[in-house]
Amino acid sequence: AQSVTQLDSHVSVSEGTPVLLRCNYSSSYSPSLFWYVQHPNKGLQLLLKYTSAATLVKGINGFEAEFKKSETSFHLTKPSAHMSDAAEYFCVVSAPSNSGYALNFGKGTSLLVTP
Amino acid sequence: NAGVTQTPKFQVLKTGQSMTLQCAQDMNHEYMSWYRQDPGMGLRLIHYSVGAGITDQGEVPNGYNVSRSTTEDFPLRLLSAAPSQTSVYFCASSRHRDPSYEQYFGPGTRLTVT
C-alpha cells in the first residue's frame, strides 16, 4: 500500500522569501515521487520527479526537492518566492500495485505569495 | 501540438441526465486516464487505458463508463448524473503506463449536477 500526506493545506510567504512545501509518503516499494503545480483554472503541470536517481531533484522555475528515504519525505523548496508561484501544489507517489502502477495524489497545498 | 484537449469546459446537468466528456491527445500517447478533483481531496483516478481497446477501473469508477477505440480519444460517459458527481474532471495522457513518464493534463471540465 502507498499513500502521501501533504502536511500543510495552506502556506503563505512574502515575495522574495523561501518556500517550503512538505510531503511525507509511505510505500511498500521503492517509489517514484512527483510534484505537480496547478494554477487557477488550469490543468496540472509537472514541476519535478524523483525516480531513484539523484536524491536532490531540480525542477522548473527554480524549484527543487530532496528525497529522504530515512524520513520518508519529499519536501519542495524554492529559495525566493515570486508572485507567479501562487498556485496549488500536489505531491504524488507511485509504485507497483496489483493493477499495474498506482498514482496517489496528496490533497494539495495552496501557496499564497504576498507582496 | 495541441497536447491534451477537453470539451466542454463547463457543463450543468440535471440529476438523471447523461453526457459524455470528450478528451483527445495528439502526442500518440499509449496511456490515458480520467481523474476527478474535489476540494480537499486531491485527484482521484476514475478509469484508465493502456492502449486502444484496453480500459480498466481506477479508484472511483462507479457511475462512469469509458471506451478507447482510437489512440487519440478517451471519452468519459456519465450514465445517470448525480449531485455527487459535481466535480472538476481532468483527462491526462502519458507515453507509457510507467508513472516515471510525465503525465500531461488537459485544462479540465467543470461539471455541476443539480
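Rules of the game
Residues numbered from 1 in each chain as written. Chains lettered and ligands numbered in written order. Predicted model: local features only at pLDDT ≥ 70, side-chain atom pairs only at ≥ 80, totals over all residues. Heavy atoms only, no water. Pairing = 2+ DSSP bridges. Helix = DSSP H or I, 4+ residues; strand = E, 2+ residues; numbered from the N terminus. Axes fitted to C-alpha atoms, helices over the stretch in contact; angles between N-to-C directions. Buried < 20%, exposed > 50% of the residue type's maximum accessible area, 1.4 Å probe, protein only. Core = buried A, V, L, I, M, F, W, Y, C linked by side-chain atoms within 4.5 Å. Contact = heavy atoms within 4.5 Å. Salt bridge = Lys/Arg side-chain N within 4 Å of Asp/Glu carboxyl O.

Caption draft 1: Layout of the sheet that holds strand β1 (residues 4–7) of chain B. Residue and element names in this part refer to chain B. Read from one edge to the other, the open sheet built from 4 strands follows the order β1-β3-β8-β7, with strand pairing classed as antiparallel. Looking at the sheet topology across the chains shown, the edges are occupied by β1 and β7 (64–66). The mean inter-strand angle of the sheet, taken between neighbouring strand axes irrespective of direction, is 20 degrees. Across 3 bridges, strand β3 (residues 19–25) lies against strand β8 (residues 76–78) in antiparallel orientation.

Caption draft 2: Expanded view of the pairing of strand β4 (residues 31–38) of chain B. All names here are of chain B. With 8 of 8 residues buried, β4 lies mostly within the body of the structure. Both β4 and strand β9 (residues 87–94) contribute to a ladder of 7 bridges, which runs antiparallel. Considered in β9, the bridge of Q37 is made with V88. The sheet contact formed by β4 and strand β5 (residues 42–51) spans 7 bridges and is antiparallel. Paired with D38 across the bridge in β5 is G42. Hairpin connection from β4 to β5: 3 residues lie between these consecutive antiparallel strands, with G40 at a positive phi of about 70 degrees.

Caption draft 3: Region of interest: the nonpolar core. Counting 26 residues, the largest nonpolar core has W35, L48, L76 and Y89 of chain A as its most contacted members. Here this core gets 4 residues from one element, more than from any other, and that element is strand β10 (residues 87–97) of chain A. If we ignore the near neighbours within four places in the chain, the residues touching L76 of chain A are V19, L20, L21, W35, L47, L48, F63, E64, A65 and Y89 of chain A. By size, the runner-up hydrophobic cluster in this structure holds 19 residues, among which are L21, Y64, F74 and L111 of chain B.

Caption draft 4: Looking closely at the pattern of salt bridges. The final tally for this structure, using the stated rule, is 5 salt bridges over all chains. Across the salt bridge formed by D85 of chain A and K78 of chain A, the nearest N and O atoms sit 2.8 Å from each other. K78 of chain A gets classed as buried once you look at its relative accessible area, which sits at 10%. Linking D38 of chain B and R44 of chain B is a salt bridge whose minimum nitrogen-to-oxygen distance equals 2.8 Å. Take D38 of chain B: its relative accessible area is 11%, and that puts it in the buried class. Residue classification places R44 of chain B among the buried positions, given a relative accessible area of 18%.

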